[in-house]
Structures are given as C-alpha cells and as structure tokens.
There are 2 protein chains.
Amino acid sequence: MIIEGELEPGKRIYEGPLCERLGVSRTPLREALRYLASEGLVDLTPQRGASVRQFSAKDIQDMLVLIRTLEELAGRLACEEGSDEEISEVRQLHNEMLVYYREGNRLDYYKTNQRIHSAIVALSHNESLIQVHASLQSKLKRVRFIGHEGKEKWAAAVAEHEAMIRALERRDASALVAALSAHLEHAWERVRDVV
Amino acid sequence: MIIEGELEPGKRIYEGPLCERLGVSRTPLREALRYLASEGLVDLTPQRGASVRQFSAKDIQDMLVLIRTLEELAGRLACEEGSDEEISEVRQLHNEMLVYYREGNRLDYYKTNQRIHSAIVALSHNESLIQVHASLQSKLKRVRFIGHEGKEKWAAAVAEHEAMIRALERRDASALVAALSAHLEHAWERVRDVV
DNA sequence: CAAATTCAAAATGTATACATTATACGTTGG
DNA sequence: CCAACGTATAATGTATACATTTTGAATTTG
C-alpha cells in the first residue's frame, strides 16, 4: 500500500482503520509495522505511532548512489559466479522486456526491468548483497514507478539494458559495470523532476 | 543478547521464558522479534517462531565483501563531504583507540575501532549508506568480537588505521579507499578461523 | 524390537481488554 | 476577541485470554 501510493508519504498510519480495512486485529498489524520500520518504509515515533516515511530528493539521490555501487559490485561478482544457465535466464527476461517495450506496455516493462536488475544481483550469489539491494529497490519502487520517461529516454534505457546483457554473456566485468553504472546514473535524471 | 552470545546461533527463541527474563509481556517482545527479523538477526518460521540466525563462513565472507565495498564508497564520499571538524573528531577517536591499544585493553579498543568505522561512514552524509553499514556491522559484531588477533596482526591493524586517518586528513580519496580496503581484507583473515 | 500412532503439554498466532498518553474542541478568563 | 485551560475522545502501549498448531513421549501395533 505504501509502494502503490495508497498510503501517502508523511501521513500517519492509524491502526484502527487499517485493521478494519485488512480484516486483522491490531497485534499482527503492529508486528508488520515494526518490520516495515526496520526496512525504512515507515517511521515510528514513541507515543505517536507509525507514519509513512517521506523521502527527500537527497534521500532518493543517496539511495541511487548506493544502489549503483551495489549493482557495480554485483556485476563484477556475477561475471565470476553466475552460471551459464542463470545468465541465459537473464537474457530471457530481457527478451520478455523487449516485447513489453515494443507493445508500449509501461507497467510490465517496468516490472520486468526490476526483475532483471534483481536477477543480475542474484548472480552474485551474495545473500547479504541480494537482501540489501532488494530492500533499497523496494523503497525506490514508488518514485521510480512515478518517474515516467520520454520516448527517447526510454529507448536509451533499453539500449543500456542490451549492453548490460551482452557484457554479462561475455562475462566482461568492466563492460557490465560500466553499463550498470551509466544506467543508474540516468535513473537519477529520470526521477529527478518528480521528487 | 544475540550479539553478546547469550542467545546461541541456531537455537530457538522461546517467547515465554524470554518474557519473564525481560519483564515484559509477549506483545512487545514479538514486535521486537519482527524488527530483528527484518534486520537479519533472527529467523522467523511460520508456526515455529523465532530462532537466532546462524551465519555460515560464506555468509560472513559475503558480508565482509559487502561492507568493504560500502566503506570504499563511504571513504570517497567522506573526502568530499566531511567537514574539517568531523574529520578531527575521527582523529580524536583514533587517538583514544591508541591509548586502549597501548594499555592492551582489547574490549575498549574494539569498541572504539567500530566507532571509527561508523564515524567515517557518517562523513559520507549518505543516510542510506549509514543505515545499511550499521546494520551489517551489528551482524558482524559477534564474530569480529570473538576473532582475537595475535600481537603482530593487532599492530598491523593499528598501522592500517593510522594510514586511514592520515589519508582522510589529506582528503586523499584513493589512499583512504586503499587503506580501508586492505583493512577489511585482513578482517577476513582475522575471523576466518573462528567461523 | 522398531515403527507408527495417539494424546497431552506447550508453543505460536490472533483477538480483545485495559492503562496511559496525545489530541481536539468547547469553555472560561483576561 | 484571543488565548489558555480543562475535559472528552481517540490514539498508542501493554497485558492477558483463547484458538490453533507443533512437539515429544508414552503406548500400541505389526
């Protein structure tokens, strides 16, 4: 609900109404809120309860800087650790994404895009890295989903992805890192205006 | 209690006894457990409750690889973003640590050591980076605390720290990154045997 | 004798009740 | 008329009670 914008950033999360909405009692809801607080999606203030975490432009930029570094590391590891089979699965996701691109299906394109990045990170076989990346990605989901790209930027993003996949298939770590790095550099330009 | 080893890795965490021990009811304890689960310190299995997360040697190594990359990023940012005052505070912590080293006070040495690394990361002024680093560091606390170094390795670690601080004071990013990187490379050698 | 089964004890998952604290509105005093 | 206060309402924080599931051991069965 936070990611999809149903709960607005900065707004308080009242337990009572949300319990009714979800059909559960306060106990499991509160446990979930504590979990989300640790994930960084909600703020907890003593005696005032939970509110939807609000990210400033600097927060977003900082997260993108961090996720870029994480994906660079993941890219290097992926070239070493990823199996041929795993790499071909990434290629398959990429082909799937191209279909959505040609159809102009932005939602499924976006979802597949995220899955590709997660899949590349998964190739690192570094569980901590995978977890931290997933946590960051979920926080960025909302803003990146809102950030709508123009036609030419979209085409550029697809080209960057193509370069990524090819570098991965050649297991060319420096090319992959460069492609990932450029891609996430541009990600900031794409969301800069909406935050 | 997890970090200090009072709760053994892999062992289940029974709510009842722990509630008595802490003097609280199950509700707030369970909320805390959900929080710790998100932090990665405990595992939650449906219908079986919580258990202390157990890290394999590969888990530890992967975390050290990740924390090394994070500190490298932090080091670069620290040289750009850190104020002179903040840097001098790090120097002060370093001097404090040297006293503990000369006294042979391992516990306080170790604590100050951690504070220095956190302080350098804080100089990045990147809140996400600070949080992720802190979370990882807390998971590694237990193993790194157990990892007891020999006299010569200890001396080497102190020398590495000295290099770090000097590079930071010169705002020499590449020197700082190299020093941090070497330091964390050796960290694995120091804990390798105990995991 | 081993394996499967049954049943009681105890654990987790959820709901509800109560205490405490914050909040908002109406009232009173300057 | 505005500000400050007090009270009522509603929120959060915690404890407890109840339902369901797991667990372990004794018993039964092949």
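Heads up: the structure comes first, above all this text.
Remember, it's a predicted structure, so these values are computed and weren't measured experimentally. (Residues numbered from 1 in each chain as written. Chains lettered and ligands numbered in written order. Predicted model: local features only at pLDDT ≥ 70, side-chain atom pairs only at ≥ 80, totals over all residues. Heavy atoms only, no water.)

**Q** Go over the protein's contact with DNA strand D, please, and point to the residues and values.
**A** The immediate surroundings of DNA strand D are formed by 18 residues, with Arg 26 and Arg 30 of chain A together with Ser 25, Thr 27 and Arg 48 of chain B found nearest. Backbone atoms, meaning sugar plus phosphate, form 63% of the atoms of DNA strand D positioned within 4 Å of the protein. Arg 34 of chain A is positioned such that a nitrogen or oxygen atom in its side chain is 3.2 Å from a phosphate oxygen of DNA strand D. The separation between a phosphate oxygen of DNA strand D and a polar main-chain atom of Gln 47 of chain A is 3.3 Å. When contributions to the surface near DNA strand D are tallied by element, the ones reaching two or more residues are β1 (12-13) and α2 (26-39) of chain A together with α2 (26-39) of chain B. (Near = heavy atom within 4 Å. Polar contact = N/O pair within 3.5 Å; in protein donor to acceptor, adjacent residues only side chain to side chain. Helix = DSSP H or I, 4+ residues; strand = E, 2+ residues; numbered from the N terminus.)

**Q** Could you give me a rundown of the side chain of Glu 15 of chain B, with the residues and numbers involved?
**A** Along the polypeptide, Glu 15 of chain B turns up in helix α1 (residues 15-22). If we ignore the near neighbours within four places in the chain, the residues touching Glu 15 of chain B are Arg 26, Leu 29, Arg 30 and Leu 33 of chain B. (Contact = heavy atoms within 4.5 Å.)

**Q** Pulling in residues and values, what's your account of the sheet that holds strand β1 (residues 12-13) of chain B?
**A** All names here are of chain B. Here we have 3 strands laid out as an open sheet, ordered β1-β3-β2, and antiparallel in their pairing. Edge positions in the sheet fall to β1 and β2 (42-45), since each of these pairs with one other strand and no more. Of the pairings in the sheet, the one linking β2 to strand β3 (residues 49-52) comprises 4 bridges and is antiparallel in character. Paired with Asp 43 across the bridge in β3 is Ser 51. (Pairing = 2+ DSSP bridges.)

**Q** Pulling in residues and values, what's your account of the relation of the copies chain A and chain B?
**A** Take chain A, turn it by 180°, move it 0.0 Å along the axis, and it overlays chain B with an RMSD of 0.0 Å. Interpreted geometrically, this transformation is the action of a two-fold axis. (Least-squares fit on C-alpha atoms with pLDDT ≥ 70 in both.)

**Q** Break down the interface of chain A and chain B for me, citing the residues and quoting the values.
**A** Bring the parts together and some accessible area is lost; that lost area is often taken as the interface size. On the side of chain B, 22 residues touch chain A, which itself brings 22 residues to the contact. Summed over both partners, the interface of chain A with chain B buries about 2200 Å², with 59% contributed by carbon and sulfur atoms. It is Glu 31, Ser 38 and Leu 66 of chain A in chain A that bury the most area against chain B; as a group they hold 25% of the surface buried on that side. Between chain A and chain B we count 4 salt bridges in total. As a salt-bridge pair, Glu 31 of chain B and Arg 30 of chain A come within 2.8 Å of each other at their nearest N and O atoms. Where chain A meets chain B, there are 9 residue pairs in polar contact (both at pLDDT 80 or more). Contributing elements (two or more residues each) for the side of chain A that touches chain B: α2, α3 (57-81) and α6 (127-146) of chain A. (Buried area = accessible area lost by both parts, 1.4 Å probe. Salt bridge = Lys/Arg side-chain N within 4 Å of Asp/Glu carboxyl O.)

**Q** Tell me what's going on with the nonpolar core, and back it up with residues and numbers.
**A** By size, the foremost hydrophobic cluster in this structure holds 38 residues, and its most contacted members are Leu 64 of chain A together with Leu 64 of chain B. Those elements that place two or more of their residues in this core are α3, α6 and α8 (173-191) of chain A together with α3 (57-81), α6 (127-146) and α8 (173-191) of chain B. Once residues lying within four places of it in the same chain are set aside, the contact partners of Leu 64 of chain A are Leu 140, Leu 184, Ala 187, Trp 188 and Val 191 of chain A. (Core = buried A, V, L, I, M, F, W, Y, C linked by side-chain atoms within 4.5 Å. Buried < 20%, exposed > 50% of the residue type's maximum accessible area, 1.4 Å probe, protein only.)

**Q** Account for the protein's contact with DNA strand C, naming residues and giving values.
**A** Around DNA strand C, 18 residues are found, and the nearest of them are Ser 25, Thr 27 and Arg 48 of chain A together with Arg 26 and Arg 30 of chain B. Each atom of DNA strand C within 4 Å of the protein was classed as base or backbone; sugar and phosphate made up 62%. Within the backbone of Ser 25 of chain A, a nitrogen or oxygen atom sits 2.6 Å from a phosphate oxygen of DNA strand C. With respect to DNA strand C, the side chain of Arg 26 of chain B contributes an N or O atom lying 2.9 Å from a base nitrogen. Elements with a contribution of two residues or more to the surface near DNA strand C: α2 of chain A together with β1 and α2 of chain B.

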